[in-house]
Amino acid sequence: AQSVAQPEDQVNVAEGNPLTVKCTYSVSGNPYLFWYVQYPNRGLQFLLKYITGDNLVKGSYGFEAEFNKSQTSFHLKKPSALVSDSALYFCAVIDDYKLSFGAGTTVTVRA
Amino acid sequence: EAGVAQSPRYKIIEKRQSVAFWCNPISGHATLYWYQQILGQGPKLLIQFQNNGVVDDSQLPKDRFSAERLKGVDSTLKIQPAKLEDSAVYLCASSLLAGAEQFFGPGTRLTVL
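The paragraphs below set out a description of the structure included in this document. Everything numeric here is computed off the predicted structure, so don't read it as measured data.

**Re the overall build of chain A**
The number of helices and strands found in chain A is zero helices and 12 strands. With the C-alpha coordinates aligned to their principal axes, the bounding extent of chain A is approximately 40 × 30 × 20 Å. Within the span of chain A, comprising 111 residues, buried residues form 47% of the whole. At a minimum sequence separation of 6, the contacts of chain A that also span at least 24 residues come to 53%. About 5,500 Å² of surface is accessible on chain A, with carbon and sulfur atoms providing 47% of the total. In chain A, which carries 9 positive and 9 negative side-chain charges, the distance between the mean positions of the two groups comes to 2 Å.

**Quick word on the pairing of strand E5 (residues 44–50) of chain B**
Residue and element names in this part refer to chain B. Burial analysis of E5 places five of its seven residues in the buried class, the great majority of the element. Pairing geometry for strand E4 (residues 31–37) and E5, over six bridges, is antiparallel. Paired with Tyr 35 across the bridge in E5 is Leu 45. Taking the residues that link successive antiparallel strands as the turn, the E4-E5 hairpin has six residues, and the phi of Gly 40 there is positive, at about 85 degrees.

**Re the interface of chain A and chain B**
Every contact between the two is made by 17 residues of chain A and, on the other side, 21 residues of chain B. Roughly 1,400 Å² is buried in total at the junction of chain A and chain B, and carbon and sulfur atoms are behind 52% of that figure. Of all residues in chain A, A:Asn41, A:Leu44 and A:Lys98 give up the largest surface area on contact with chain B, accounting jointly for 34% of the area buried on that side. At the boundary of chain A with chain B, the tally comes to one salt bridge. A salt bridge links B:Asp56 to A:Lys98, with the shortest nitrogen-to-oxygen separation between them at 3.1 Å. At the junction of chain A with chain B, the criterion picks out three residue pairs in polar contact (both at pLDDT 80 or more). Of all the secondary structure elements, the ones that give two or more residues to the side of chain A that touches chain B are strand E5 (33–38), strand E6 (44–50), strand E10 (87–95) and strand E11 (98–101) of chain A. Considering only residue class, the side of chain A that touches chain B consists of 11 nonpolar, four polar and two charged.

**Some points on the nonpolar core**
In terms of nonpolar packing, the biggest core is built from 28 residues, with A:Leu19, A:Trp35, A:Leu47, A:Leu48, A:Phe74, A:Leu76 and A:Tyr89 touching the most fellow members. Elements that contribute at least two residues to this core include exactly strand E2 (10–14), strand E3 (19–21), E5, E6, strand E8 (64–68), strand E9 (73–78), E10 and strand E12 (105–110) of chain A. Here the element with the most residues in this core is E10(A); it accounts for four residues. Formed by 21 residues, the second largest nonpolar core is a distinct cluster that contains B:Val19, B:Phe49, B:Phe65 and B:Ala82.

**With respect to the sheet that holds strand E3 (residues 19–24) of chain B**
Residues and elements named next belong to chain B. Taken in spatial order, the four strands make up an open sheet running E1-E3-E8-E7, and their pairing is antiparallel. Strands with a single pairing partner mark the edges of an open sheet, and in this sheet they are strand E1 (5–7) and strand E7 (65–68). The mean inter-strand angle of the sheet, taken between neighbouring strand axes irrespective of direction, is 15 degrees. Judged from the three bridges that link them, E1 and E3 form a sheet pairing that is antiparallel. Along E3, the bridge assignment pairs Ser 7 with Trp 22.

Reading the values: rules and limits
Residues numbered from 1 in each chain as written. Chains lettered and ligands numbered in written order. Predicted model: local features only at pLDDT ≥ 70, side-chain atom pairs only at ≥ 80, totals over all residues. Heavy atoms only, no water. Helix = DSSP H or I, 4+ residues; strand = E, 2+ residues; numbered from the N terminus. Buried < 20%, exposed > 50% of the residue type's maximum accessible area, 1.4 Å probe, protein only. Contact = heavy atoms within 4.5 Å. Areas by Shrake-Rupley, 256 points an atom, 1.4 Å probe, with all protein chains shown as cover. Lys, Arg positive; Asp, Glu negative; His and termini not counted. Charge placed at Lys NZ, Arg CZ, Asp CG, Glu CD. Pairing = 2+ DSSP bridges. Buried area = accessible area lost by both parts, 1.4 Å probe. Salt bridge = Lys/Arg side-chain N within 4 Å of Asp/Glu carboxyl O. Polar contact = N/O pair within 3.5 Å; in protein donor to acceptor, adjacent residues only side chain to side chain. Nonpolar A, V, L, I, M, F, W, Y, C, P; charged D, E, K, R; others polar. Core = buried A, V, L, I, M, F, W, Y, C linked by side-chain atoms within 4.5 Å. Axes fitted to C-alpha atoms, helices over the stretch in contact; angles between N-to-C directions.

What follows is the structure, given as structure tokens:
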């Protein structure tokens, strides 16, 4: 079974609107969760992580993510999206000591 | 600090040829990873090194793929012979310790014709 799922292949929002990218996980024990972003022709860049502590995690470029144990979710959010946020976003979880990635969600922010 | 370096950035070969990729991790990072990212999919771990020892190579197609990290720093990933389905981006990443935040290189885009 897949350790992490991103149910949306694409998310389209207008600039200035809130952005949410969904992620659910399936691992035993306490999850270590990550979000990465990938711009065209570039490697993955780390955005934020949840290990323990507050359920709301703040990361780079104004992004944040909320860990919800009961829903096994770790959705990425940004209150006001920018055109420059258009990229491919990956959720990942440590599973059996390996980083397991979701299939990715393409975010397009239109001006 | 300098990031993870990879070369070449792009490579085009014909099937059955051989190819090698090089990675230089962030200085001091003990753990090095090679991932394969096929178009439209998330990266898949091929092999993980801790210093110069292999920690996990369960998803490495060992009949054609090999990797080494002889001095615990740089690493090379080789494919011999290549197949059409090996067309992908090969990402190298490093972390201070296993399980810590991973830093990724820009990747090598391989096209097998």
